[in-house]
Amino acid sequence: MIDISLPELGEGISNVEIRDVLVKKGDSLKKDQVILILETDKASMEIPSEHEGVISKLYVKTGDKISPKDKILEFDPKDNTSESDSSVIQNIPENEIDEIKEIEKTEDVIETKASLPLPPTPSTTSSQSHILTSPSTRKLARELGCDISLVKGSGEKGRVSREDVLSYVNRYLSSNPTGIGTDDLKSILKDEILGMKDDILNELTHQESKSVNDIDFSKWGLIETSPLNKIKQATGNNMTNAWTTIPQVTQFDNANISGLYKSYKNLKGKNLNPEIKISLIPFYIKILIKVIQSFPNFNSSLNSKGDAIIIKKYINIGVAVDTERGLVVPVIKNCEKKSLKEITIELSKLATKAHDNRLSMEDIEGGTITISSLGGIGGSNFTPIVNPPQVAILGFSKAEYKLVYEKEDFIKRLILPFSLTYDHRVIDGAQAAKFTTKLKKQLSSVKLIGKNK
Amino acid sequence: MTKRNHVVVIGAGPGGYAAAFRAADLGNKVTLIEKDSVLGGVCLNRGCIPSKTLLHLSKIIDETHSIKKAGIEFSGLNVDMGKIQSWKNRVIKKLGGGIKLLAKQRGVEVLHGSAKFISDSSIMVTNDKDESITNFNQCIIATGSRPNSLPFVSINHKTILDSTSVLSLKEIPKSMLVVGGGYIGLEMASVYSSLGTEVSVVEFLPRLLPGADEDLVDILHKSIKPKLKDILLNTKVTSVEEQKKGIKVEMESEGEVISSIYEKILVSVGRVPNTDNISIESTGVNIDDRGFISVDEYRRTNINGIFAIGDVTGDPMLAHKATHEGKVAAEVCSGTPNAFEPQAIPAVIFTDPEIAWAGKTEEELKNGNIPYDKAEFPWQASGKAISIGRTEGKTKILFEPESKRVIGVGIIGYNAGDLIGEAVLAIEMGCYAEDIALTIHPHPTLTETFSNTAEVMEKTITDLYIK
């Protein structure tokens, strides 16, 4: 245990009032984190921590008078290695480890497979240290909705240039179904140079809807014009491209997930870690993998000439997440090698990062197929749009109890409507129907395993 | 006709008018509310501009004295305080007229009167003639600050002055006590001591200019000391009483009681935010216990659609900070992503010599136990400083230890305020010592001292010999 005391504040400054104590017992303390705010006659002063550790005792409270060398708090120093901000998993207390073991047990019900050790999760909070760049580049990053601390600078000593920001955003969006195409980004780059941003983007994004823009809607009543951010504008353009260039067909089906749902409820009930959100999607992913392995061309891309398909031997599943800023699609890599537990934890973390706008480039690139689930919201069936260069996307709707005629009787079953949209240049209708039929069978068969428990 | 977003800006100081103009340029309908009959706020009408106008005059007077040793002597000094005041007022009027024109050119509606919120989307403006209610989609609060006083002193603006009334004296006082050794107090002490007033400064803390680095303040202290009657540190004013002979002031220093009589006293003990007179409680905007409004990096308050910029949001209370914040708020209002994220905000004290700094001060780094490297260049080695007879100065750069990236700069000396701009750019761009040392600075100028200082760090300096 080590005490932190108040440093010298400058000549003659002592017996100063504490305006605010920003930490509490049990908090883990980071270096340079502000502990206290002091109030002198002239100004308020922030007192940062020079150490890292967990606070075990606080000696002061708001309103106290304090002088240099007085004790502020006692803390338990911790090993300051690079993993210091790592995932909750690595720092979980004993009882939570038990609970994770529970998850493993439940998972064994579905599939007996030794689970791999958890990979270390990269820190989601970037260091607050200085980012070497210029004010105009900081502003450009803001305009493109990009957190500059995530951009790797290509310059000397990691200096972030405008090009670094633009290529980061380009890479980010080209691996994102709602992203900007290279051409659009070039336009953004071009208008950056010409300083004609708005005009060009308007032309870019509203070419086809010009006639709509010309209508004066306020003739019929009050209207409000709410601008779309530049990325959203370009995103719309890319959606249009995906919709107009890919001949796509949607196939619908339903699956009885009564058994699967029981396994899910069972797992959810056992999970005591509030950091991890249990959802149905990891179950869908586990089952989808088996189906994809039987139909590898659903996990492919058409080459640029259109004369061959590139089949990927890895299955990276993108999961569409609805956030305040819009739709983002983080990708779970190598799902074919991961256990239900790993997928659950990874998805839960990616979703949190998505909501906090902290997804990195690595988190969203390399997807081979996408899942969009509206099950948490409602609706019976929908037609998702294929996310090029992928060739298929799955849409899961809200499951509802229905009476199903089975074994000469009507039985209450939980029915999940789902859809598959596919690129007809790569996949034909019969194959798609076989795919959905197999997926339906697999989703419905989980109940048998559930019984074993 | 489409309905435009209506942005109301309260306060036409350097933050408020910048916000209003930027918002108008971005296509919003803008109303600018100002309680004074003129635009420009404290900065233009009773702050930066008039004080610098007077300081310029006092600097010229001082220079005529100091060039005696070079062989130039003027006979007699004739100061016409009336003419000085009308010169100062002409400067203000010219700039104020400029702002008015800029508002007109942009179609910004200007309402003169005091503003009081009715709700989080409407405001009442009252003046002698009428009362009007304006609704807004977004509002930017830029009401600024006013001089603070001491509890037992009542400012009468005739003999007991604040930073506003001290700028408008019709006659040169024989004696003056400046209460508070901050930048306003010292700037006014400079003006009136040059005009012939016997000026004393009293400061409660053990040094002048708390916040500025001690090594810089020491140099200033030495150079202004001969011009002032007394500099009383560690001294507290305990009573102020108007008498026939003047103002009797009692002070206490380390248990000792001092009593003196002055013709005028200037109370310059900080500033308080103008948040107590706009019915801010009608909006639900949070203010802290000192009256400042808390805002985020986008200058948004806790209430949707209400922004706050400038002095009302707290230290540092500087016009150039407010201007930048105003533009950020206007852009965020208009849906353009921007944020207030400066790497450095420069501060200048326009005494003679001037003190200027940007980024981290040495004191901040020491208090925070942040390691740093330091390089200094004394102006005694600057050809320009010697040729103008102003060697009392130094340039200091603070670096991140390993990388030698510039993290703070402090300058004291003639025109330091004009030299600090380059330092702010260096910090914003993340310059290293070598970048500055390799940048050719013109000779002979005071700007050379900046690259010379970097050369000291790089050990490539030839204008000094350091073993």
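Residues numbered from 1 in each chain as written. Chains lettered and ligands numbered in written order. Predicted model: local features only at pLDDT ≥ 70, side-chain atom pairs only at ≥ 80, totals over all residues. Heavy atoms only, no water.

With respect to the overall build of chain A
Then comes step 1: In terms of regular secondary structure, chain A is built from twelve helices and 19 strands.
Then comes step 2: In chain A, buried positions account for 44% of the 453 residues.
Then comes step 3: Summed over its atoms, the accessible surface of chain A is roughly 23,700 Å², and 52% of this surface lies on carbon and sulfur atoms. (Helix = DSSP H or I, 4+ residues; strand = E, 2+ residues; numbered from the N terminus. Buried < 20%, exposed > 50% of the residue type's maximum accessible area, 1.4 Å probe, protein only. Areas by Shrake-Rupley, 256 points an atom, 1.4 Å probe, with all protein chains shown as cover.)

Focus on the sheet that holds strand β13 (residues 235–242) of chain B
All names here are of chain B.
Then comes step 1: If you walk across this open sheet you meet the three strands as β13-β14-β15, and the pairing is antiparallel. Both edges of this open sheet fall to β13 and β15 (256–262), since each of them pairs with a single strand only. Averaged over all adjacent pairs, the angle separating strand axes in this sheet is 20°, with direction ignored.
Then comes step 2: Strand direction decides the pairing type here: β13 and strand β14 (residues 247–253), joined by seven bridges, are antiparallel. Looking at the pairing, valine 237 lines up with methionine 251 of β14. (Pairing = 2+ DSSP bridges. Axes fitted to C-alpha atoms, helices over the stretch in contact; angles between N-to-C directions.)

Section: the interface of chain B and chain A
Then comes step 1: Listed by partner, the interface residues are 32 residues for chain B and 29 residues for chain A.
Then comes step 2: Interface of chain B and chain A: buried area, both sides summed, is about 2,600 Å²; carbon and sulfur atoms make up 48% of it.
Then comes step 3: Remark: the boundary between chain B and chain A carries three salt bridges.
Then comes step 4: One salt bridge in this structure joins B:Glu341 and A:Arg142, with 3.3 Å as the shortest N-O distance.
Then comes step 5: Across the chain B-chain A interface, the total number found is five residue pairs in polar contact (both at pLDDT 80 or more).
Then comes step 6: By residue class, the composition of the side of chain B that touches chain A is eleven nonpolar, ten polar and eleven charged. (Contact = heavy atoms within 4.5 Å. Buried area = accessible area lost by both parts, 1.4 Å probe. Salt bridge = Lys/Arg side-chain N within 4 Å of Asp/Glu carboxyl O. Polar contact = N/O pair within 3.5 Å; in protein donor to acceptor, adjacent residues only side chain to side chain. Nonpolar A, V, L, I, M, F, W, Y, C, P; charged D, E, K, R; others polar.)

Points about helix α1 (residues 14–25) of chain B
Residues and elements named next belong to chain B.
Then comes step 1: Taking 1.5 Å per residue, twelve residues should reach 16 Å; α1 reaches 16 Å between its end C-alpha atoms and fits that length.
Then comes step 2: Of all twelve residues in α1, nine are buried, a share of seventy percent or more.
Then comes step 3: Inspection of α1 places Pro14, Gly15, Gly16, Ala18, Ala19, Ala20, Phe21, Ala23 and Ala24 among the buried residues, and these make up the whole buried set.
Then comes step 4: Where α1 is buried, its residues meet β1 (6–10), β2 (29–34), α2 (41–46), α4 (81–106), β7 (138–141) and α7 (319–333).
Then comes step 5: Two residues or fewer past α1, glycine 27 is found with a positive phi of approximately 95°. (Expected span 1.5 Å × (residues − 1).)

Examining the nonpolar core
Then comes step 1: If you look at the biggest cluster of nonpolar residues, it comprises 65 residues, and the most contacted ones within it are A:Val165, A:Ile285, A:Ile317, A:Leu394, A:Phe435, A:Leu439 and A:Leu443.
Then comes step 2: Element by element, the count of residues in this core is highest for helix α9 (residues 281–294) of chain A, at nine residues.
Then comes step 3: Setting aside anything within four residues of it in sequence, one finds A:Phe435 in contact with A:Leu288, A:Val291, A:Ile292, A:Phe295, A:Phe298, A:Leu394 and A:Leu420.
Then comes step 4: If you look at the next biggest cluster of nonpolar residues, it comprises 35 residues, including B:Ile84, B:Tyr192, B:Leu220 and B:Ile224. (Core = buried A, V, L, I, M, F, W, Y, C linked by side-chain atoms within 4.5 Å.)

Concerning the side chain of A:Asn299
Residue and element names in this part refer to chain A.
Then comes step 1: Within the element layout of this structure, asparagine 299 appears in the loop between α9 and β10 (300–302).
Then comes step 2: For asparagine 299, the side chain forms a polar contact with the main-chain oxygen of lysine 312, separated by 3.0 Å.
Then comes step 3: Apart from residues no more than four positions distant in its own chain, asparagine 299 is found in contact with Ile292, Ile310, Ile311, Lys312, Tyr314, Ile315, Thr368 and Ile369.

Description of the pattern of salt bridges
For side chains bearing opposite charge, pairing can occur when the charged atoms are close.
Then comes step 1: Counted according to the given criterion, the structure contains 34 salt bridges over all chains.
Then comes step 2: In this structure, B:Glu331 and A:Lys139 form a salt bridge, with 3.9 Å as the shortest nitrogen-oxygen distance. A residue pair is termed interchain when its members come from two chains, as with B:Glu331 in helix α7 and A:Lys139 in helix α2 (residues 135–143).
Then comes step 3: By relative accessible area, which is 5% here, B:Glu331 ends up buried.
Then comes step 4: In this structure, the salt-bridge partner of A:Arg358 is A:Asp147, at a minimum N-O distance of 2.8 Å. In this pair, A:Arg358 is assigned in the loop between α10 (340–355) and α11 (361–364) and A:Asp147 in the loop between α2 and α3 (162–174), connecting sequence segments 211 residues apart.
Then comes step 5: The buried category is assigned to A:Arg358, whose relative accessible area is 17%.
Then comes step 6: Sharing partners across several salt bridges, the network here consists of B:Asp213, B:Asp215, B:Glu362, B:Lys374, B:Glu376, B:Lys394 and B:Lys396.

Some details on helix α10 (residues 416–428) of chain B
Then comes step 1: End to end, α10(B) covers 19 Å across 13 residues, agreeing with the expected 18 Å (1.5 Å per residue, within 8%).
Then comes step 2: Considered for burial, the residues of α10(B) that qualify are B:Ala416, B:Gly417, B:Leu419, B:Ile420, B:Ala423, B:Val424, B:Ala426, B:Ile427 and B:Glu428.
Then comes step 3: Looking at the buried positions of α10(B), the neighbouring elements they touch are α2 of chain A together with β19 (347–349), β20 (354–359), β23 (406–413), α11 (433–437) and α12 (448–458) of chain B.
Then comes step 4: Once α10(B) ends, the next one or two residues include B:Gly430, with phi positive near 70°.

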